[in-house]
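Each chain is listed here by its residues.
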Amino acid sequence: MDASQTSDVPTLLVKIFGKDRPGITAGLFDTLAAYSVDVVDIEQVVTRGRIVLCALVTEPPKGLEGDLRATVHTWAESMKMQAEIISGIGDNRPRGLGRSLVTVLGHPLTSEATAAIASRITKTGGNIDRIFRLAKYPVTAVEFAVSGVATEPLRTALVTDAARLGVDVAVVAAGLYRRAQRLVVMDVDSTLIQDEVIELFAAHAGCEDKVAEVTAAAMRGELDFEQSLHARVALLEGLDASVVDKVRSEVRLTPGARTLIRTLKRLGYQVGVVSGGFTQVTDDLKERLGLDFAQANTLEIVDGKLTGRVTGEIVDRAGKARLLRRFAAEAGVPLSQTVAIGDGANDLDMLNAAGLGVAFNAKPVVREAAHTAVNFPFLDTVLYLLGVTREEVEAADTLDVD
C-alpha cells in the first residue's frame, strides 16, 4: 500500500529504545518484513549512546497482529532493548501551514533559555516538529523545525526574547532553498578581520588621535560616511606606499574566518566582501582566502606616496547594498538566497536587503534591525544559522589545511 493512502487505515507505531549498537534498524525491519507491512514513517534519535527508533507501519494481514507483537518483543529482548507497540489510525497529524527553522546558539544553552524558547513558539501558535543538535562547541547550537506559524511573526517573537535569555536566535523559512547554492557577503573591518584598517594606516602616519576625532564626529551624526572617509584619508597624505604591505601583514582575521569561508566554499557557496576600507587590503584578502568578490574604496597613490584621496566608486552604506545586489546578479543567485554579515550602521542597508542579515558582535542599533545576531567571537558560528553541522565543518577542515 502506498503510504500516501494510509490516512484512514489501521497502523501500528513500533517503538524500540535502549543501548545503541550496529544492526538495530536493520534487525527491526527484517523482523517486520515477515508480516508484509508497509512503512509509513520512521524516526530515529541517538543521544549519549541510547537509541529511540520509531516505525509507523500499516497493520499486518488479519490474524497476524498478535504474532507480530510477540515477535517484535522477543527480538527486542534478544537485543537487550525494550519495545512498545501502539495501535492507531492513519499517519501522523498533518503539520500546520507555515514552516520555519529556528536555530538557537548558547554558551552554555541553559534549560531556562530552552524552556522559554519552546514556550514562546507555542504561544505564537507554532508546533515543534523536530529538534536537532548542530554543534556542541565552541557553542551549543540546536535547530527546531516549527510548523503552524508564519516565519516573520515567529522571528519577531523569538528575537525579542533572545537578548534577555543570553542566546542568539535565527529564524528562517524552511524549504529546499536553504541549502541551495547561495551567496554570502561580509563586511571587513570588525567582521572578517578584528581591525579597523584606517586605524592601522593612521598608526603609521602618527595621526591616530585625529582619525579617532573624525570617527567620533561621524558617530555623533556631524559627518556622513563619505565626509568622514575623505576627512580621515586626507590625514594620510604623504605616507609612503610601502606602508600598504606593513598594514596587510598587521591585519588579524577574526577567529573562525578561515573555517567559515573554507566550509562555505566546500558546500558550493560563493563568498564576497564589501568594505568602507580599502582595496589595498581587500584585494589581498580576496587572493589569500579565495573569495569570489571584493569591493572597497581605493587609496590614491602617486609617485610612491598616498595623496590623501580615494579614487573610484565610494563604498558607503547604500553602496554596500548596491554591491550585494550586483554580486548576486553576477553569481546568478536570487537576493532571497543571499546572506549578509556586518557589525555597523554602515552595513544596515545590506543586512536588510539580504535574504538573511546577520549582525556579528554588532552595536545595539544594528542587532535590533538585523534579521538575527551572533554575539560570540567566532565567525564560523554563522554556519550553524545556515543549518551546517559541526561535523560538516570538521570535514571541510580535513580536506583543506591552512
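Residues numbered from 1 in each chain as written. Predicted model: local features only at pLDDT ≥ 70, side-chain atom pairs only at ≥ 80, totals over all residues. Heavy atoms only, no water.

- Under an unreviewed UniProt entry, the name given to the protein chain is Phosphoserine phosphatase, and the source organism is Streptomyces griseoloalbus.

### A look at the nonpolar core
For step 1, the next point in the chain: In this structure, Met-186, Leu-192, Phe-201, Phe-278, Leu-285, Ile-341 and Leu-379 are the most contacted members of the largest nonpolar core, which totals 61 residues.
For step 2, the next point in the chain: With five residues, the single largest contributor to this core is helix H5 (residues 197-205).
For step 3, the next point in the chain: Counting only domains with at least three residues in this core, you end up with domain 2 (99-174) and domain 3 (183-397).
For step 4, the next point in the chain: Beyond its immediate chain neighbours, meaning those up to four positions away, Phe-278 contacts Val-197, Ile-198, Phe-201, Leu-229, Val-233, Ala-296, Asn-297, Leu-299 and Val-310.
For step 5, the next point in the chain: Judged by nonpolar contacts, the second largest core, of 22 residues, contains Ala-331, Ala-340, Leu-348 and Ala-353. (Core = buried A, V, L, I, M, F, W, Y, C linked by side-chain atoms within 4.5 Å. Buried < 20%, exposed > 50% of the residue type's maximum accessible area, 1.4 Å probe, protein only. Helix = DSSP H or I, 4+ residues; strand = E, 2+ residues; numbered from the N terminus. Domains from an automatic or database assignment. Contact = heavy atoms within 4.5 Å.)

### Concerning the UniProt feature "active site" (unreviewed entry) in the protein chain
For step 1, the next point in the chain: When the UniProt feature table is mapped onto this chain numbering, "active site" (unreviewed entry) sits at Asp-187 and Asp-189.
For step 2, the next point in the chain: With respect to the element layout, Asp-187 can be found in the loop between strand S9 (183-186) and H5.
For step 3, the next point in the chain: In this view, Asp-187 contacts Leu-192, Val-274, Ser-275, Lys-320, Ile-341, Gly-342, Asp-343, Asp-347 and Met-350; residues no more than four positions away in its chain are not counted.
For step 4, the next point in the chain: In terms of polar contacts, Asp-187 uses its side chain to reach the side chain of Thr-191, at 3.2 Å.
For step 5, the next point in the chain: Its relative accessible area of 11% is what places Asp-189 among the buried residues.
For step 6, the next point in the chain: With residues up to four places along the chain from it excluded, the contact list for Asp-189 reads Asp-195, Glu-196, Val-197, Ser-275 and Asp-343. (UniProt positions renumbered as here; feature names shortened; annotations may be inferred. Polar contact = N/O pair within 3.5 Å; in protein donor to acceptor, adjacent residues only side chain to side chain.)

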